[in-house]
Each structure stands twice: as structure tokens, then as C-alpha cells.
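So you can see what is in the structure, the chains are spelled out below.
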Amino acid sequence: MAKQNKTLWQEFTKGIVKENPVLRLVLGTCATLAVSTAATNAIGMGLATTFVLVCSNAIISLLRNVIPDKVRIPSYITIIAGFVTIVQMFVQAYFPDLDSALGIYLPLIVVNCIILGRAEMFANKNRVLPSIVDGLGMGVGFTATLLLMGIIRELLGSGTVFGLPILSGFMDPIIIFILPPGGFFVFGLLIALANRLSGEGKAPEEIGCKGCPLAGSCSKLQEKEAAEK
């Protein structure tokens with residue numbers, strides 16, 4: 001039981017820094033850069049994506065032995081689209097301002113590479129509980145990244161955080177931070193920080209293939225390990 005809990009904890013925490021979907025795997029960058037101009041938008045998008053991640057991972061894991069291999073991708077997209085529709089209708093009904101701010105990027109969660117990637121790489125090969133934990137961890141990592149970017153960009157670009165004036169009378173807003181160039185600048189800094197926290201920055205020969213966050217799905221590494229055996 002303790003070993004299982006440890007494994008689940010590892011599955012959850014890997015998405016926060018070590019395999020952060022945005023900063024380490026560089027997925028979902030379009031939505032990240034587009035909606036992180038304000039902290040409110042960032043947390044709304046992050047929570048919506050987390051909900052879809054967890055629910056779609058659970059359903060795909062349940063049906064992994066039923067879905068024919070030839071149609072698995074269309075099946076994944078159909079399942080994901082169903083949950084995205086639920087989220088979109090909920091946001092439109094109760095948070096119209098957030099729906100207006102997120103715009104097209106809310107329905108585009110359907111084609112977010114993070115969700116489809118976890119479905120194909122994890123939920124399709126594992127039981128329901130680990131798949132839920134994996135989706136939750138990736139969602140938390142995605143939400144944390146969006147929120148951090150949103151706070152930095154809103155603070156420096158507008159002088160506010162969650163709409164509350166912070167830098168009023170202290171310094172003038174630096175407008176470029178709420179524009180695309182500022183988004184890329186903050187994004188690059190956070191990637192460098194994530195690499196530092198995860199132990200990157202060493203020479204490739206010191207890290208080896210097993211240090212890559214995609215090592216689990218690398219066919220070349222699997223072939224190399226099979227040859228060594």
C-alpha cells in the first residue's frame with residue numbers, strides 16, 4: 001500500500017516540475033502565451049484544462065481495452081470534445097466575462113497537445129486511478145505555469161494582480177509584457193528556471209537518454225535497452 005501511494009505521488013508530482021507540460025515538454029504553448037496576460041484568465045484556463053485532463057484520462061483508461069486501435073485517436077478527440085463542451089457551457093452560464101476573455105482558446109482545449117498526449121502516452125496504457133492522478137498532476141503543473149506567467153505579465157504590464165492595483169504610484173506599467181514579445185520573454189525565463197530546478201543544464205553525455213522527460217516513449221532508448229539485455 002505504501003509503495004502504491006509512493007508511486008501515485010510520483011505520478012502526481014512529475015507534472016509540476018520534472019515533466020511540466022509547458023516548461024519541460026513545451027506543449028500547449030499557444031494557449032499559454034495567449035491567455036496569460038492576466039492572472040484571472042490564466043487560472044480560469046488552467047482549471048478548465050485540468051478538469052478535461054482528469055475526466056478524459058479516466059474515461060479513456062476505462063475504455064482502453066474496448067476502443068479499437070485503428071480509431072483510438074478519433075475516439076480520444078470525441079471523448080475530450082464532450083468534456084470541453086461541458087466546461088464551455090458551464091463557463092458561459094456562470095462566468096460570461098471569463099468566457100469572453102478566453103474566447104476561442106476555451107473550445108480549442110479539444111486540440112490541446114497536453115490532453116491528447118496524456119491520453120495516448122499514459123491513459124491508454126494504465127489503470128484508472130493512476131491515469132486520474134497523472135491528469136491531475138499535469139493539470140496542476142499547467143495551471144501553476146499559467147498562473148505564474150499571468151501574475152508576472154499582469155503585474156509588470158498593467159500594474160495589477162487579479163485586477164487589484166499593486167504598482168500604482170510606484171512605477172509605470174511596462175506595456176510590452178502584456179504583448180506577445182513580453183509573453184515570450186517571460187516564457188523563456190520560466191523555462192530556464194524549470195530546467196535549473198529539474199537538474200538540466202549539464203552536458204548531454206552526463207545526463208544520458210534516461211534524463212529526457214520523454215524517455216518512457218522513446219523507441220530508440222527501448223531498442224538500446226533491449227539490445228543490452
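Parameters at a glance
Here the residue numbering is sequential within each chain, running from 1 through the sequence in written order. Selection of residues for local features in this predicted model requires a pLDDT of at least 70, selection of side-chain atom pairs for listing and counting requires 80 or more, and totals for whole chains, interfaces and linings are taken over all residues. Remark: hydrogens and water are excluded; side-chain values derive from all non-hydrogen atoms of the structure. In this text, helices come from DSSP runs of H or I with a minimum length of four residues, and strands from runs of E with a minimum of two, each type numbered from the N-terminal end. Multiplying 1.5 Å by the residue count of a helix minus one yields the expected span of that helix. Note on contacts: a residue pair is in contact if any heavy atoms of the two residues lie within 4.5 Å. Residues with no salt bridge and a relative accessible area higher than 30% make up the patches, which join like charges within 9 Å and nonpolar side chains (Val, Leu, Ile, Met, Phe, Trp, Tyr) within 5 Å. The Shrake-Rupley method, run with a 1.4 Å probe sphere, supplies the accessible areas, and residue values consider only the shown protein chains as cover. Salt bridges are defined by distance alone: a side-chain nitrogen of Lys or Arg within 4 Å of a carboxyl oxygen of Asp or Glu. Relative accessibility decides the category of a residue: with a 1.4 Å probe and only protein chains considered, values under 20% of the type maximum give buried, values over 50% give exposed, and everything between is partly exposed. Side-chain rings of Phe, Tyr and Trp (the six-membered ring for Trp) are treated as a pair once their centres are within 6.5 Å; stacked means planes under 30 degrees apart, edge-to-face means over 60, and tilted covers the remaining angles.

Description of helix α7 (residues 128–158)
Since the α-helix packs 3.6 residues into each turn, any two residues three or four apart lie on the same face. Helix length check: α7 (31 residues) gives 43 Å between terminal C-alpha atoms against 45 Å at 1.5 Å per residue, within 8%. Just downstream of α7 lies G159, where phi reads positive at about 80 degrees.

Let's talk about the environment of M171
Mapping M171 onto the fold places it in the loop between β2 (164–165) and α8 (180–197). Linking M171 and L156, residues 15 residues apart in sequence, is a C-alpha distance of 9.2 Å.

So, the side chain of S56
Take S56: it is sitting in helix α3 (residues 39–62). Contact partners of S56, with chain neighbours within four places excluded, come to I79, I80, F83 and I115.

Some words on unusual backbone geometry
A positive phi angle, close to 55 degrees, is found at V26, a residue other than glycine. By secondary structure assignment, the location of V26 is in the loop between α1 (2–13) and α2 (29–35).

Quick word on a nonpolar patch on the surface
Taken together, the side chains of F170, M171, I174, I175, I176 and L179 define a hydrophobic patch exposed on the protein surface, amounting to about 550 Å² of accessible area. In this fold, L179 is placed in the loop between β2 and α8. By relative accessible area, L179 is classed as partly exposed at 40%.

With respect to the pattern of salt bridges
Inspection of every chain in the model, using the stated rule, returns five salt bridges. The residue K14 makes a salt bridge to D134 at a minimum N-O spacing of 3.2 Å. Taken together, the residues K14 in the loop between α1 and α2 and D134 in helix α7 connect sequence positions 120 residues apart. Exposure class is identical for K14 and D134. Each is buried. Taking the shortest distance from any N to any O, the salt bridge between D69 and R72 comes out at 3.2 Å.

Some points on the packing of aromatic side chains
Scanning all chains against the criterion turns up five aromatic pairs. Both rings, one in F90 and one in Y94, keep their centres 5.0 Å apart while their planes meet at 45 degrees; by these two values the pair is tilted. Note that F90 and Y94 are positioned in helix α4 (residues 72–94) at a spacing of four residues, about one turn of the helix. You can call Y94 exposed: its relative accessible area is 59%. Of the aromatic side chains, those joined through ring pairs into one cluster are F90, Y94 and F95.

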